[in-house]
Amino acid sequence: MLRFIGKRLWHGGLTLAALVTLTFFVMRLAPGGPFSRNRKISPEVQANIEAAFHLDEPIWRQFGRFVWGVLRLDLGPSTRHRDYSVNDLIASGLPYSLTIGFWAVVIAAMVGVALGLAGALRRNSATDYLAGTVGVVGIAIPIFVIGPLLQATFALRLNWLPVGGINDGWRSLVLPVIVLALPNIAYISRLTRTSMIETLRENYVRTARAKGIGWHRVLWRHTLTGALLPVIAYLGPATAAIITGSILIETIFAVPGIGRHFVDAALNRDYPLVMGITLLYGGILILFNIATDVIRAILDPRIRNER
Amino acid sequence: MTDSLLSIRDLGVRFRLPQGETMAVDGVSLDVAPGEVLGIVGESGSGKSQILYAMMGLLAANGRASGQVLFQGQNLLALSPDRLDRVRGDALSMIFQDPMTSLNPYMRVGDQLAEGLIVHKGLSKAEARAEAVRMLDRVRIPDAAARARRFPHEFSGGMRQRVMIAMALLAKPRLLLADEPTTALDVTIQAQVLDLMAELARETGTAIILVTHDLGVVARLCDRVVVLYGGRVMEEAPAEVLFDAPAHPYTRGLLAAMPRLETVLTPRLGTIPGTPRSGGSAKGCPFVDRCEVRLAACTTDRPPLRDLTALGPGRRAACYLTGAAP
């Protein structure tokens, strides 16, 4: 198993290196730069600024500088947010995105799996229809509709929770977490239901029933593993995407996370910040994919043996 | 009939389908004595497997069983799921058709075997595991102790079916249901697996119902045979006389379609013209459309299953002709 993880980490590192290299050069192919504005600045000032950020150097030297920085865990200064380094910006935003994302994933996984299982075990029952409705609603209604709706109801009318911001402790987390979890609850419950129904039809589940070991053992020991493997495969990359922040959630609920930095950085051609966040997203995504593979290998001996 | 281990009376299995209800098994009655090997033969869709599934409470969700299945004095069809679980896997067990998909891929083979013993016999984990290894050894899994810790995908098809046999016989059942246990296997190991199953069953005094469409298998292993067509019993006879003197036209057709050593040079095997009609209909003999000797009555009235005492003991057939001309 250790060899397997080591190999995956090595491959992940290569993937990350390729991703970062590609992003670096594609970003510079895009027209404009960090300091090209409509506002006129004198050519001397422009040249001074560019020299300060080493933008006057040939591109391969800039790349070398960037790689050297990454190796020292220094992602350089932001070109947009003066006096802040990219490390500062990530360190200030990431905790909010991580907290909201973590709870959203936990809730989405628990509620989604529970609804999906209930639906599969009692097909066409009230529970199944409820889960189906939640699924359709969660997938069909976009975050920017459901977010303000919940704000209007629970913050403005009932005054139970803050509209946004981060100053009310756990209470300010509730709405963003729910809104972020909702579409994931929907996907996970649909996926769980389908996969559970398929697994219940498997021949080996029939064998287990024929053994007369009781419905609970059939369910827990013989059905759940197979039914949850696809859910786990989905959860890995989904978790990476969720905990790295969502620009929509952060905008609607005024959360200073890193989701909005990414979009802003790309628009402002903030080269160092774009590179920093790309590296972070890529790293987290790869780590979660490896974690997913490890969990699946633990549960499924056939995956384990392929290595 | 009083000494029978299993006695099925008027068993019916219906499936609700979008286009209406279909009858897979229609009024089947049969008995199995302790230690006896009963073969059920018939072509695909004749309902032979559904009889077994109905007994085990394993019918698909849209299926319903009616009638009576008396096993050791209990009507299996009327038992609550809890009570049924005390019978199946213990006194009554089953081997399935496809060994490749019938074992849990996520569980060690030894644990899958031990599980039943822990639940039914109250053995400890260690005792059950030891028993499982002993049983694997008896079905000739080499290096059984080590093999018990492996997963099903590390076994070949023949080995997996031997594991299934071990699993089914582990609790020393009174009756073993085998649903085409060798169809999915390589021809070269079919006989070997079947002989092993029969041999072990004989040792424990276990009766077998062997469902198959392979008449060669029946000739090899069975004491008695029931021929099924369209969900109904067409003929029942001791195995040796069935092959020599089939009473029902359908049985004769089946035997003509079987390759024999002495006719190996004939250009073609016999076939039964037509296809089985799907879904039992209420009127007439189910075989009438394909029968070469049908009478006018066959299309309107269903021939009852009658004892053919004139032909010998234990013989029954559902055909007007056999009743008329013994």
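Here's a quick rundown of the structure.

Cut-offs and rules
- Residues numbered from 1 in each chain as written.
- Chains lettered and ligands numbered in written order.
- Predicted model: local features only at pLDDT ≥ 70, side-chain atom pairs only at ≥ 80, totals over all residues.
- Heavy atoms only, no water.
- Contact = heavy atoms within 4.5 Å.
- Buried area = accessible area lost by both parts, 1.4 Å probe.
- Salt bridge = Lys/Arg side-chain N within 4 Å of Asp/Glu carboxyl O.
- Polar contact = N/O pair within 3.5 Å; in protein donor to acceptor, adjacent residues only side chain to side chain.
- Patch = residues over 30% accessible without salt bridge, like charges linked within 9 Å, V, L, I, M, F, W, Y side chains within 5 Å.
- Areas by Shrake-Rupley, 256 points an atom, 1.4 Å probe, with all protein chains shown as cover.
- Helix = DSSP H or I, 4+ residues; strand = E, 2+ residues; numbered from the N terminus.
- Axes fitted to C-alpha atoms, helices over the stretch in contact; angles between N-to-C directions.
- Parallel < 35°, antiparallel > 145°, perpendicular 65-115°, else oblique.
- Left-handed = near helix turned anticlockwise from the far one by under 90°.
- Core = buried A, V, L, I, M, F, W, Y, C linked by side-chain atoms within 4.5 Å.
- Buried < 20%, exposed > 50% of the residue type's maximum accessible area, 1.4 Å probe, protein only.
- Nonpolar A, V, L, I, M, F, W, Y, C, P; charged D, E, K, R; others polar.

### Points about the interface of chain A and chain B
- Taken together, the 23 residues of chain A in the interface contact 27 residues of chain B.
- Interface area for chain A against chain B, summed over the two sides, is near 2,300 Å², with a carbon-plus-sulfur share of 54%.
- Three residues stand out in chain A for area buried against chain B, namely A:Tyr204, A:Arg206 and A:Lys211, and they jointly supply 25% of the buried area on that side.
- The interface formed by chain A and chain B contains 3 salt bridges.
- Residues B:Glu115 and A:Arg221 are paired through a salt bridge, measuring 3.1 Å at the closest nitrogen-oxygen approach.
- Inspection of the region where chain A meets chain B yields 16 residue pairs in polar contact (both at pLDDT 80 or more).

### Observations regarding a nonpolar patch on the surface
Residue and element names in this part refer to chain A.
- Residues Val137, Ile141, Phe144, Val145, Leu149, Ile247, Leu248, Val263 and Leu267 make up a contiguous nonpolar surface patch of about 730 Å² in total accessible area.
- Those elements giving two or more residues to the nonpolar patch turn out to be helix 6 (143–157), helix 10 (247–252) and helix 11 (259–267).
- By residue number, the principal contributor to the nonpolar patch is helix 6, which donates 3 residues.
- With respect to the helices and strands, valine 145 occurs in helix 6.

### Notes on the packing of helix 9 (residues 215–243) of chain A against helix 12 (residues 271–299) of chain A
Residues and elements named next belong to chain A.
- Contact pair helix 9 / helix 12: the axes reach a minimum separation of 8 Å and the direction vectors enclose 165°. Relative to helix 12, helix 9 is oriented roughly antiparallel. At the point where helix 9 passes helix 12, the crossing takes the right-handed sense. Between helix 9 and helix 12, the residues in contact are Thr225, Leu229, Ile232, Ala233, Gly236, Pro237, Thr239, Ala240 and Ile243 and Ile284, Leu285, Phe288, Asn289, Thr292, Ile295, Arg296 and Leu299, respectively.

### Focus on the nonpolar core
- In this structure, B:Met55, B:Leu175 and B:Ile209 are the most contacted members of the largest nonpolar core, which totals 101 residues.
- Examining the composition of this core, we find that 8 residues originate from one element, helix 6 (residues 157–169) of chain B, more than from any other.
- Filtering out sequence-adjacent residues up to four positions away, B:Met55 remains in contact with B:Leu6, B:Ile8, B:Val69, B:Leu76, B:Leu84, B:Leu92, B:Leu175, B:Leu177 and B:Ile209.
- Residues A:Ala108, A:Val113, A:Leu115 and A:Leu280 belong to the second largest nonpolar core, which totals 63 residues.

### Considerations on the packing of helix 1 (residues 2–29) of chain A against helix 3 (residues 59–71) of chain A
Residue and element names in this part refer to chain A.
- Where helix 1 contacts helix 3, the axes come no closer than 12 Å and their chain directions differ by 140°. The angle between helix 1 and helix 3 falls in the class oblique. Where helix 1 crosses over helix 3, the handedness of that crossing is right-handed. Residue-level inspection shows Val20, Thr21, Phe24, Phe25 and Arg28 of helix 1 in contact with helix 3, the latter providing Ile59, Gln62, Phe63 and Phe66.
- By residue class, the composition of the contact of helix 1 with helix 3 is 6 nonpolar, 2 polar and 1 charged.

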